[in-house]
Amino acid sequence: MCGIVGYIGEKDAKNILYNGLTKLEYKGYDSSGIALIDDNKNLIIKKESGKLTQIKKYIEDTNIISNIGIGHTRWATHGKPTQINSHPHTNCRKTIALVHNGIIENYLELKEELIKKDHKIISETDSEIIVHLISEYYTGNLYGAVQKIIQYLKGTFAIAVISESEPDKIIIAKKGTSMLIGIGENENIFGSDIPPILEHTKNIIVMDDYEIGVIEKNKVTITDLEGNILNKVVENIDLTIEMAEKSGFKHFMLKEIHEQPRVVEDVLRGKIENGKIKFDNFNITKEELRKIEQINIIACGTSYHAGLVGKFIIEEILKLPVIVEIASEFRYKTPILSEKNLVIVISQSGETSDTLGALRVAKQSGAKVIGMVNVIGSTIAKEAYGTIYTNAGPEIGVASTKAFLSQLTMMYLFMLYLGDNLNLIDNKYKEYIIKNLEKIPEKISTILNKSDEILNIAKQLKNTKNIMYIARHINYPVALEGSLKLKETSYIHSEAYPAGELRHGPVALIEENVPALAIALKNSKTYDKMLSNIQEIKARDGKIIVLASEDDENIDSIANMSLKIEPIDEIFSPLLTVIPLQILAYYISDEKGLDVDNPRNLSKSVTVE
Ligand code: AGP
């Protein structure tokens, strides 16, 4: 989720690094920094929390001459967005500097080892551990030290390292997150993404996992972990910078929909250890949890829909009562809360005014309030008693997709965490849940690979004026979310109802030009009821689109159009059923030629009431 850039050549490195970092702004950041080696072979570090403009000012004011450097924009995953936690990080003697993108899962045990060897670790980050590890094994060969320490790192990393002692080279390495090298004339530039490279060269080497790069002015050498030199292909990337920021996708929303398999992996990564769920900043003891008799979830919009799914998961599996409320309603009512309530406020941005207001009201009632947020250091994260970070990375599209999926995934982990601490779940079923969660990324990819089928349906629906979404039980919140996605990206009026409510009024809306989209999964305990609702709609000349299971042979004879997902235990189905609805909303909006990433009247975070 962070941005890395590095340069070595004959030009002024500091400006190239700064411009490169500005090309990574779309990845979001809360702090940034650069490391340079000047003409006197001194290592210079400049890093600040907050906007990139702090680095710009430094560069404008300084007269440092340097032709080698590394830069970083941070999207915090471990440790608040402070100056000390920002990158580059250095070893104790400040002779080696490192920038890192990724998550080191075993950083705490490595940290303990390093502290025993008298290393002074000054930040809260996992990244700083790496440069001290390199320093520990540095014997005058920076490449050799990097080669040595990679074996100790668990998790994902793209790193770039420079040393005063070797001012003519930058060492890079990667595993599980991207690193690209741009091959220039008497210069080379690399980054965690294409945009910073493209204005210098279109000749790109894409590094693969467990490769180490030695980047010199006139030479790029890439080896495997054993030191064998690899013959890497130099590709000519014909992309504009704007397209590169979207990784070649037409819009950020589509890019973020397609990031969801990785997002689920990132949410799960490092949270499950020996079958136990680990939340680093939960801050509520087991004894305090033992007093909990009810969970209250409070949020707005898409985050509220994630809470509704969470209600089904927690009540169905733990039999623990859950109340889910809209934040703008909760904050003005008389809260009935005590220390027997655990309040979870869900917010991607961590800045939503109504959710923040609800958090403050809940705190006054004596309940413990946890913030489930995507942005570390956000106001809700700061004011909550504890936090669960959803690690979805920056979400640029106003319509939330990958953040919603990260919230859903986190809801399963939160349920397991409660079940563990309150002895409300047996190990066998816990293992079953974890095993199923680990299969979700691949199942999502399967759906993403069938997007063309969804595009065909979008083309048929794009001129519709009203679409009704219906579902039951755990997929009713998904119907709400699918309807919201459609409304906010294509401006088509849409309502979502529990299908059992149809006869209580909404069925009056059905007519030939008011299609309904029904989520009806064959293995659902409410499948037969859904079929009855579908028949009711058809009997009134309503067009029906059904989101069904692939093994449902009957549905195509009933539905006018169908979206299919592979069969899955219903308790996990929201993680899959929402994907076709996100894609459908996206394609309808794009087919209508609308501004998908920035829909009218909306903002990414509603920070005013
Ligand atoms: C989601 O697509 C919308 N952009 C909106 O409903 C959003 O979920 C809501 O404003 C809550 O935002 P938050 O998660 O940042 O608090």
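Our subject is the structure that appears above.
Novice: In this structure, what is going on with unusual backbone geometry? I would like to understand it.
Specialist: As a rule of thumb, non-glycine residues mostly have phi less than zero, and peptide bonds are mostly trans rather than cis. Residue Pro88 follows His87 across a cis peptide bond; omega there is 5 degrees. With respect to the element layout, Pro88 can be found in the loop between strand E4 (66–74) and strand E5 (89–90). For Ser247, which is not glycine, the phi dihedral falls at a positive 50 degrees. Here Ser247 is to be found in the loop between helix H7 (241–245) and helix H8 (252–258). A relative accessible area of 42% places Ser247 in the partly exposed class. Not every positive phi belongs to a glycine, and Lys319 is a case in point at roughly 55 degrees. Positionally, Lys319 belongs in the loop between helix H11 (301–318) and strand E18 (322–326). A relative accessible area of 63% places Lys319 in the exposed class.

Novice: How should I be thinking about the sheet that holds E18 in this particular structure?
Specialist: Overall, parallel pairing links the five strands, which are arranged E18-E17-E19-E20-E21 in an open sheet. Here the strands that pair on one side only, and so sit at the sheet edges, are E18 and strand E21 (386–389). Recorded for the sheet is a direction-independent mean angle of 20 degrees between the axes of neighbouring strands. Direction of pairing for strand E20 (residues 368–373) relative to E21: parallel, over a ladder of four bridges. Directly across from Gly371, in E21, lies its bridge partner Thr387. With respect to the sheet, H11 is in contact with strand E17 (294–299), E18 and strand E19 (341–347), its orientation differing from that of E18 by roughly 170 degrees. Sheet contacts for helix H15 (residues 402–421): E17, E19, E20 and E21; angle to E19, the most-contacted strand, approximately 160 degrees.

Analysis parameters
Residues numbered from 1 in each chain as written. Predicted model: local features only at pLDDT ≥ 70, side-chain atom pairs only at ≥ 80, totals over all residues. Heavy atoms only, no water. Helix = DSSP H or I, 4+ residues; strand = E, 2+ residues; numbered from the N terminus. Buried < 20%, exposed > 50% of the residue type's maximum accessible area, 1.4 Å probe, protein only. Pairing = 2+ DSSP bridges. Axes fitted to C-alpha atoms, helices over the stretch in contact; angles between N-to-C directions. Contact = heavy atoms within 4.5 Å.

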